Amino acid sequence: HPCIAAWVPLNESWGVPDLPTNPAHRDYVRTLYNLTKTLDPDRPVVGNDGWEHVATDFITIHDYAAHPGVLYERYVSPESVAKVLERQQPGGRPLTVAGFRVGDMPVILSEFGGIAYVPQGEGGWGYSRAHGEAEFLQAYSDLLEAIHECSGLAGFCYTQLTDTFQEKNGLLFADRTPKADPTQIARATRGRRNAFAMDVNPDLPSPEPKRWRKRGG
């Protein structure tokens, strides 16, 4: 696989905080998108990742809901995703600017999770927190199980691979040692997919119903 899968000139409207109301900001994003496509026509480009899409090859969403059931309800089907795009703001911002046509663009959950787990007594930050390796692995597995059942998504990118500075929400510590058994992390990440292919393996059992299927559960 190539090291670079896609180009993202801007993230979360950094530097262009007034995209919904400022035409110059929208033009800037479109210019960066088109320039990047010109420099590298072989890879997809996301002009502004996470929300307030102006020019992009697919819709990306940042959603740090900690409860797997919330993510499941939002992205379980193309119909539920359409409602999210129309009505909801998972990151506190509209997902597209007025006049942008989504059409049949694939939808990627490009940031989610962010579970912080650090040894007792250490500080740090994350979107939610696990107290111990077993709790961390369970929380990660539940999130990934929910995501794997979401047919409204074309892909996902977990936040994040390693801890860095104050951010303690990596699957690995900053020194690249795993926070939990990497075999179990890999199994949760793949879901029912084969280890060396993207197709679903029919010989792998479907997951048992989980408590997260109902938010109140």
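Everything quoted here is computed from the prediction, not taken from an experiment. Per chain, residues are indexed from 1 in the order of the written sequence. Given that this is a predicted model, residues contribute local features only at a pLDDT of at least 70 and side-chain atom pairs are listed and counted only at 80 or more, while totals for whole chains, interfaces and linings are drawn from all residues. The side-chain quantities take in all heavy atoms of the structure and omit both hydrogens and water.

**Student:** Give me the overall build of the protein: which residues, what numbers.
**Tutor:** A helix here means a DSSP run of H or I that spans at least four residues, while a strand means a run of E at least two residues long, and both kinds are numbered starting from the N terminus. When helices and strands are tallied, the protein shows five helices and seven strands. Shown N-terminal to C-terminal, the secondary structure of the protein runs as helices and strands in the order β-α-β-β-α-α-β-β-β-α-β-α. A 1.4 Å probe rolled over the protein chains alone gives each residue an accessible area, and that area as a share of the maximum for its type sets the label: buried under 20%, exposed over 50%, partly exposed in between. Here the protein, with 217 residues, has 41% of them falling under the buried criterion. Residues count as neighbours in contact if any of their non-hydrogen atoms are within 4.5 Å of one another. Partitioning the intrachain contacts of the protein with sequence separation of at least 6 by distance along the chain shows that 62% fall at a separation of at least 24. A 1.4 Å probe and the Shrake-Rupley method give the accessible areas. Residues count as covered only by the protein chains that appear here. Total accessible area computed for the protein in this model is approximately 12100 Å², and 54% of it derives from carbon and sulfur atoms.

**Student:** Account for the packing of helix H4 (residues 133–148) against helix H5 (residues 182–190), naming residues and giving values.
**Tutor:** Helix-helix packing is characterised by the crossing angle of the two axes and by the distance between the axes. With axes taken as lines fitted to C-alpha atoms, and helix axes fitted only over the stretch in contact, angles between N-to-C directions fall between 0 and 180 degrees. Their axes nearest at 8 Å, the elements H4 and H5 cross at an angle of 20°. Classed by the angle they form, the pair H4 and H5 counts as roughly parallel. Between H4 and H5 lies a crossing of left-handed hand. Counting all contacts with H4, which are made through Leu137, Tyr140, Ser141, Leu144 and His148, the residues of H5 involved are Gln184, Ile185, Ala188, Thr189 and Arg190. Put simply, Ala, Val, Leu, Ile, Met, Phe, Trp, Tyr, Cys and Pro go in the nonpolar bin, Asp, Glu, Lys and Arg in the charged bin, and everything else, Gly too, in the polar bin. For the contact of H4 with H5, the class distribution of residues is five nonpolar, four polar and one charged. Orientation is classified from the angle alone, with under 35 degrees giving roughly parallel, over 145 giving roughly antiparallel, 65 to 115 giving roughly perpendicular, and any other angle giving oblique. With the far helix as reference, a near helix turned anticlockwise by less than a right angle produces a left-handed crossing, and one turned clockwise produces a right-handed crossing.

**Student:** I'd like a description of the nonpolar core, backed by residues and values.
**Tutor:** Here, nonpolar core refers to any group of buried Ala, Val, Leu, Ile, Met, Phe, Trp, Tyr and Cys residues whose side-chain atoms link them within 4.5 Å. If you look at the biggest cluster of nonpolar residues, it comprises 39 residues, and the most contacted ones within it are Ile61, Tyr75, Phe112 and Tyr140. Examining the composition of this core, we find that seven residues originate from one element, H4, more than from any other. If near-sequence neighbours (up to four positions away) are discounted, Phe112 is found in contact with Asp63, Tyr64, Leu71, Leu143, Leu144, Ile147, Phe156, Cys157, Tyr158 and Thr159.

**Student:** Describe unusual backbone geometry, listing the residues and the values that go with them.
**Tutor:** Cis geometry is found at the peptide bond from Thr159 to Gln160, where omega equals 0°. Counting through the fold element by element, Gln160 comes out in the loop between strand E7 (155–156) and H5. Although it is not a glycine, Ser13 adopts a positive phi angle of roughly 60°. Its identity as a non-glycine residue notwithstanding, Phe165 has a phi of 50°, on the positive side.

**Student:** If you had to explain the packing of helix H2 (residues 68–75) against H4 to someone new, which residues and values would you point to?
**Tutor:** Where H2 contacts H4, the axes come no closer than 9 Å and their chain directions differ by 10°. Considering their axes alone, H2 and H4 lie roughly parallel with respect to each other. On the side of H2, the interface is formed by Pro68, Leu71 and Tyr72, while H4 contributes Asp142, Leu143, Ala146 and Ile147. Here the residues of the contact of H2 with H4 sort into six nonpolar, no polar and one charged.

**Student:** Break down H4 for me, with residues and values.
**Tutor:** Between its first and last C-alpha, H4 extends 22 Å over 16 residues, near the 22 Å set by a 1.5 Å rise per residue. Regarding H4, the residues found buried are Phe136, Leu137, Tyr140, Asp142, Leu143, Leu144, Glu145, Ala146 and Ile147. Taken together, the buried residues of H4 touch H2, strand E4 (107–111), strand E5 (115–116), E7 and H5. An expected span of 1.5 Å times one less than the residue number is assigned to each helix.

**Student:** Let's hear about the environment of Pro178: which residues, and what values?
**Tutor:** Within the secondary structure, Pro178 sits in the loop between E7 and H5. Between the alpha carbons of Pro178 and Thr162 there is a distance of 8.8 Å; along the sequence they are 16 residues apart. With residues up to four places along the chain from it excluded, the contact list for Pro178 reads Leu171, Leu172 and Phe173.

**Student:** Mind laying out helix H1 (residues 23–39), listing which residues take part and the relevant values?
**Tutor:** In this model, H1 (17 residues) spans 24 Å end to end at C-alpha, consistent with the 24 Å of a helix rising 1.5 Å per residue. Those residues of H1 not exposed but buried are His25, Arg26, Val29, Tyr33 and Thr36. The arc that holds the buried residues of H1, viewed along the axis, is 105°, so those residues lie on one side. Within H1, the exposed residues directed more than 90 degrees away from the buried face are Thr38 and Leu39. Contacts from the buried residues of H1 go to strand E1 (10–11) and strand E2 (48–49). The N-cap residue of H1 is Asn22: its side-chain oxygen and the backbone nitrogen of Ala24 are 2.9 Å apart. Think of it as the arc spanned by the lines of direction from the helix axis to the C-beta atoms. N or O atoms closer than or at 3.5 Å make up a polar contact, with two conditions inside protein: a donor-capable atom paired with an acceptor-capable one, and, for residues adjacent in sequence, both atoms drawn from side chains.

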